[in-house]
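Residue-level listing of the chains:
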Amino acid sequence: MPDALSIITRKRDGKELSGAEIDWIIEAFTRGVVADEQMAALAMAVYFRGMTRAETARWTTAMIDSGRRLDFTGLGLPTVDKHSTGGVGDKITLPLAPLVAACGVAVPQLSGRGLGHTGGTLDKLEAMPGWRAELSTTEIAEILADPEVGAVVCAAGADLAPADRRLYALRDVTGTVESIPLIASSIMSKKIAEGTGALVLDVKVGSGAFMKNLGDARELARTMVELGEDEGLHTTALLTRMDVPLGRTAGNALEVREAVEVLAGAGPPDVVELTLALAREMLAAVGRDDVDPADRLRDGTAMDRWRAMIAAQGGDPDAPLPTARYTEELRAPGDGVLAELDAMAVGVAAWRLGAGRERQGEPVQAAAGIELHAKPGDRVRAGDTIATLHTDTPAKFPAAMATLGEGVHISDSAPATRPLVVERITA
C-alpha cells in the first residue's frame, strides 16, 4: 500500500512515480486522508523535479476520476470548447462562444474567475445585471440544446475534478503554480471532465501572460494537446501574443462593452482577428470548416446568439452596464510614437483599481479598469490622453497610475509589428 511520505521522498529524489502511487495519493488527498502540508510538499517536489509524460497523463486521469464526467453526446450537435491560459484584456470568450454557436456547433464553456492581473470570464459576465454563473447540469444541457442559443458560459460544478480544486488552492499559496505538468493537468482535467467533443487552447506568451517566453508556452501547449489526445479529446492549440493588452479595455464591464462592439461588426481589429482565428480553429476541430464565422458577425446572427445566451442565464442584454464613479487620465509626457504599452503593467494597474482580486473569493468592482486611447505604433503629442482609469475607490488611483506609467514608453520610432497568432500546435 503506498503512503504519502514515500511518494513525496521518491519524487523529491527525482524518481518516476508509478500509476498506482499517483492514483492513491490523488484519491487519498481528495478524501482528506493526505494532509494539505503533505500535498504541498509533493507539489514542490514536482515543481523542482518535473513529471514524465506518463506521470502527467496518469495524474490528469486521476484528477478527472476524483469527480464526475459530463456527457453531451445526446445533444445531436458537435461540441467544442476553447480555453485561454489568461491575459490582459482577454475578453475573447464573450464574442467567441455565441459566434461559434451561430455556426451550428454547441459550445459548453466552463470558465473561471480572475486571480491577480488576469481577468476572469465569469467576473466580466457578472457585470451584466441578473446574469448568473452557477447552472445545474440539466440547465447547461437545455441551453445547449436550444436552437436559438447553443452556447453556455458558466462555472464548473464542484463535482468536476474536485482534486484539482483542492490542489490549485494549495499551489496558489505555496509558490508551486509555475509548474508545466501541474498547470497542464489542472487545465486539462477540468476540460476533459467537461465532456466537450473537441478543445482549442489559446496559450498566451509574453509579458502579460503566464508563460513569458515562447519555449515555455510551446512546451505547455504541447503537453496539454498530448493530454487531450491521450484521453480521446481532439485538441489543438494556438500560441498568441500577450505583450500588449488585447483590444482597448481591461476591466469587467469595460470588456463586456467591447465584446458587444465586436458582435455588432465593429470592435478593435486585434480582438476581431483573434476571435475569428479561434472560431475557425474550433469549427475545423469538429469538421465544420465549411462555415465562415466572419459571415455570422456581418449578418447579425452572432449578436442574436449573444443576446439569447445572456437571457438564458438570467441576464438582461439591454440593461446598462455599471460605470465607475471616478476616473483619471494618464497623459503622454511628450511627443512621439507610443513604443510600448506593457500588458503586465496594464493588468496590474487594472487589478489595483479593483478589477481583480488578490485572493480567491474576494469581490471585484464591476466597473473598475482601464480604457486605452492609444496602442503601440500610434503617434501622440504631449498631453494626449493615453488611458482613462476607472474605479469606485479614488484612493486606488496613485498606485495604479504609477504602475501603468511604468509600462508606457514613447519613442521617435514605431515598434516592429509582430503577428498576433504565433504558432499552431497539433498532436
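Coordinates for the structure precede this section.
Residues numbered from 1 in each chain as written. Predicted model: local features only at pLDDT ≥ 70, side-chain atom pairs only at ≥ 80, totals over all residues. Heavy atoms only, no water.

Spatially, S6-S9-S11-S7 is the arrangement adopted by the four strands of the open sheet, whose pairing is antiparallel. In this open sheet, the two strands that pair with only one neighbour each are strand S6 (249-250) and strand S7 (326-331). Where helix H15 (residues 343-355) meets the sheet, it contacts S6, strand S9 (369-372) and strand S11 (385-391), and its direction lies at approximately 135° from that of S9. (Pairing = 2+ DSSP bridges. Helix = DSSP H or I, 4+ residues; strand = E, 2+ residues; numbered from the N terminus. Contact = heavy atoms within 4.5 Å. Axes fitted to C-alpha atoms, helices over the stretch in contact; angles between N-to-C directions.)

Now for empty space enclosed by the protein. Under the criterion given, the structure shown has one cavity of 30 Å³ or more. The calculated volume of the largest cavity comes to roughly 120 Å³. Taken together, 17 residues form the lining of the largest cavity, with His117, Thr118, Gly119, Ala350 and Ala355 sitting closest to its centre. Elements with a minimum of two residues in the lining of the largest cavity: helix H11 (252-263) and H15. Ranked by residue count, the leading element in the lining of the largest cavity is H15, at four residues. For the lining of the largest cavity, the per-class residue count stands at five nonpolar, 10 polar and two charged. (1 Å grid on protein atoms, 1.4 Å probe; cavity = no way out; pocket = protein on both sides within 12 Å on 5 of 7 lines; lining within 4 Å. Points joined across faces, edges and corners; volume = space filled by probe spheres on them. Nonpolar A, V, L, I, M, F, W, Y, C, P; charged D, E, K, R; others polar.)

Okay, the packing of aromatic side chains next. Evaluation of the coordinates by the stated rule reveals one aromatic pair. Their ring planes at 90° and their centres at 5.1 Å tell us that Tyr47 and Phe48 sit as a pair that is edge-to-face. For Tyr47, a relative accessible area of 33% puts it in the partly exposed group. Lying over the aromatic face of Phe29, Arg166 brings its terminal NZ or CZ to 4.2 Å of the ring centre. (Phe/Tyr/Trp six-rings, centres within 6.5 Å; stacked < 30°, edge-to-face > 60°. Buried < 20%, exposed > 50% of the residue type's maximum accessible area, 1.4 Å probe, protein only. Lys NZ or Arg CZ within 6 Å of the ring centre and 35° of its normal.)

Turning our eyes to something else, we now look at the pattern of salt bridges. As enumerated under the stated definition, the model contains 34 salt bridges in all. Two residues, Arg10 and Glu21, come together in a salt bridge whose shortest N-O distance is 3.1 Å. Residue Arg10 is located in helix H1 (residues 4-12), and its partner Glu21 is located in helix H2 (residues 19-31); the two are separated by 11 residues in the primary sequence. Accessibility expressed as a relative area gives 28% for Arg10, which makes it partly exposed. Residue class for Glu21 comes out buried when judged on its relative accessible area of 13%. Across the salt bridge formed by Arg69 and Asp65, the nearest N and O atoms sit 3.7 Å from each other. According to the relative accessible area criterion, Arg69 is partly exposed, its value standing at 40%. You can call Asp65 exposed: its relative accessible area is 52%. (Salt bridge = Lys/Arg side-chain N within 4 Å of Asp/Glu carboxyl O.)

Here we come to the layout of surface pockets. To find the voids left in a structure, one rolls a probe of water-molecule size over its atoms. Approximately 670 Å³ is the volume attributed to the second largest pocket. Lining the second largest pocket are 27 residues; nearest its centre among them are Val244, Pro376, Ala416, Thr417 and Arg418. Looking at the lining of the second largest pocket, the elements with two or more residues in it are helix H12 (269-285) and strand S8 (336-341). For the lining of the second largest pocket, the residue count by class is 14 nonpolar, four polar and nine charged. Looking at which domains feed residues into the lining of the second largest pocket, each of domain 2 (80-313) and domain 3 (326-411) supplies at least three. (Domains from an automatic or database assignment.)

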